[in-house]
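Here are the chains, one letter per residue:
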Amino acid sequence: RKEVEQDPGPFNVPEGATVAFNCTYSNSASQSFFWYRQDCRKEPKLLMSVYSSGNEDGRFTAQLNRASQYISLLIRDSKLSDSATYLCVVNKAGGYQKVTFGTGTKLQVIP
Amino acid sequence: NAGVTQTPKFRILKIGQSMTLQCTQDMNHNYMYWYRQDPGMGLKLIYYSVGAGITDKGEVPNGYNVSRSTTEDFPLRLELAAPSQTSVYFCASRDPPSGRGGWETQYFGPGTRLLVL
């Protein structure tokens, strides 16, 4: 089993739609979780951290389910500018130095 | 602040050639990282450093070397380029973990696209 797994997509959704991505992780001792956004041919940028209690930032909501070992990202009222690849990132248990990146889920918002 | 800068942006190498990918950050971060990203794949850690003079291997270190003589610079060296090293290379930096036990944001450079023919 991969350390971090994501559905590669693409998810093609119309503007205004709600879309959700999941990411599963294999190491139950992982402590820190993040969603990064990567635009085509650009560097990844932090979208949001994922806290145990869940957190929301505008149209974006992140959730953590430790029992089932997955994190999720919900995007409401999708905008054309949300089109990107969303990377799930999980720290490697036992240290803060390194993390594992998922392969990403591609989102395409259609007019 | 310029953040994390990388040079060159793009390079074509012939098999067996050598080159150094430059990475500089002006945020006074102790932790720095080199990743490679192949098409459709996640980022793979090549090397990382937790401070000047301290480096360690990541998941895919073979064929690469690094040094960290200053806090700001973390160059990546390819000694004998191979087609398998065709990739996009990202440098990143971040602060050490906070007192809350959190893992701080990584800041990425714009990447270097390398083609080995």
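Further up the page is the structure itself.
First, a word on what this report is: a plain description of the structure on this page.

Cut-offs used in this document
- Residues numbered from 1 in each chain as written.
- Chains lettered and ligands numbered in written order.
- Predicted model: local features only at pLDDT ≥ 70, side-chain atom pairs only at ≥ 80, totals over all residues.
- Heavy atoms only, no water.
- Helix = DSSP H or I, 4+ residues; strand = E, 2+ residues; numbered from the N terminus.
- Rg over C-alpha atoms; globule rule 2.2 N^0.38 Å.
- Buried < 20%, exposed > 50% of the residue type's maximum accessible area, 1.4 Å probe, protein only.
- Pairing = 2+ DSSP bridges.
- Axes fitted to C-alpha atoms, helices over the stretch in contact; angles between N-to-C directions.
- Contact = heavy atoms within 4.5 Å.
- Buried area = accessible area lost by both parts, 1.4 Å probe.
- Salt bridge = Lys/Arg side-chain N within 4 Å of Asp/Glu carboxyl O.
- Polar contact = N/O pair within 3.5 Å; in protein donor to acceptor, adjacent residues only side chain to side chain.
- Nonpolar A, V, L, I, M, F, W, Y, C, P; charged D, E, K, R; others polar.
- Patch = residues over 30% accessible without salt bridge, like charges linked within 9 Å, V, L, I, M, F, W, Y side chains within 5 Å.
- Areas by Shrake-Rupley, 256 points an atom, 1.4 Å probe, with all protein chains shown as cover.

Scanning chain B for helices and strands turns up zero helices and 11 strands. Each helix (α) and strand (β) of chain B, taken in turn from the N terminus, gives the series β-β-β-β-β-β-β-β-β-β-β. Here the C-alpha radius of gyration of chain B, 14 Å, is about what a compact globule of 117 residues would show, namely 13 Å. Viewed in the frame of its principal axes, chain B has a C-alpha envelope of about 45 × 30 × 25 Å. The 117 residues of chain B split such that 44% are buried.

The next thing to look at is the sheet that holds strand E8 (residues 76-78) of chain B. Residues and elements named next belong to chain B. Judged by pairing direction, the sheet is antiparallel, and its four strands sit side by side in the order E1-E3-E8-E7 without closing on themselves. The outermost strands of the open sheet, each flanked by one partner alone, are strand E1 (4-7) and strand E7 (64-66). For this sheet, the mean angle separating the axes of adjacent strands, direction not counted, is 20°. Two strands pair when backbone bridges link them, and E1 and strand E3 (residues 19-25) are joined in this way by four bridges, in the antiparallel orientation. Bridge pairing in E3 places Thr5 opposite Thr24.

Below, the discussion takes up the sheet that holds strand E1 (residues 4-6) of chain A. Residues and elements named next belong to chain A. Ordered by their spatial adjacency, five strands build an open sheet running E1-E3-E8-E7-E6, and the pairing between neighbours is antiparallel. Of all strands in the sheet, those with a lone pairing partner are E1 and strand E6 (55-57), marking the two edges. Sheet twist, expressed as the average angle between the axes of neighbouring strands with direction ignored, equals 20°. In the sheet, E1 pairs with strand E3 (residues 19-25) via three bridges, with the strands oriented antiparallel. Considered in E3, the bridge of Glu5 is made with Thr24.

Counting residues at the interface gives 24 residues for chain B, matched by 18 residues for chain A. Of the roughly 1,800 Å² buried at the junction of chain B and chain A (both faces included), carbon and sulfur atoms supply 59%. Seen at the junction of chain B and chain A, the total is zero salt bridges. At the junction of chain B and chain A, the tally comes to three residue pairs in polar contact (both at pLDDT 80 or more). Sorting the residues of the side of chain B that touches chain A by element identifies strand E4 (31-37), strand E5 (43-51) and strand E9 (87-94) of chain B as the ones contributing at least two each. Grouping the amino acids of the side of chain B that touches chain A by side-chain chemistry returns 13 nonpolar, eight polar and three charged.

Residues and elements named next belong to chain B. A surface patch of nonpolar side chains, about 320 Å² in accessible area, is lined by Phe10, Ile12 and Leu117. Within the secondary structure layout, Ile12 lies in strand E2 (residues 10-13). Overall, Ile12 belongs to the partly exposed group, its relative accessible area being 46%.

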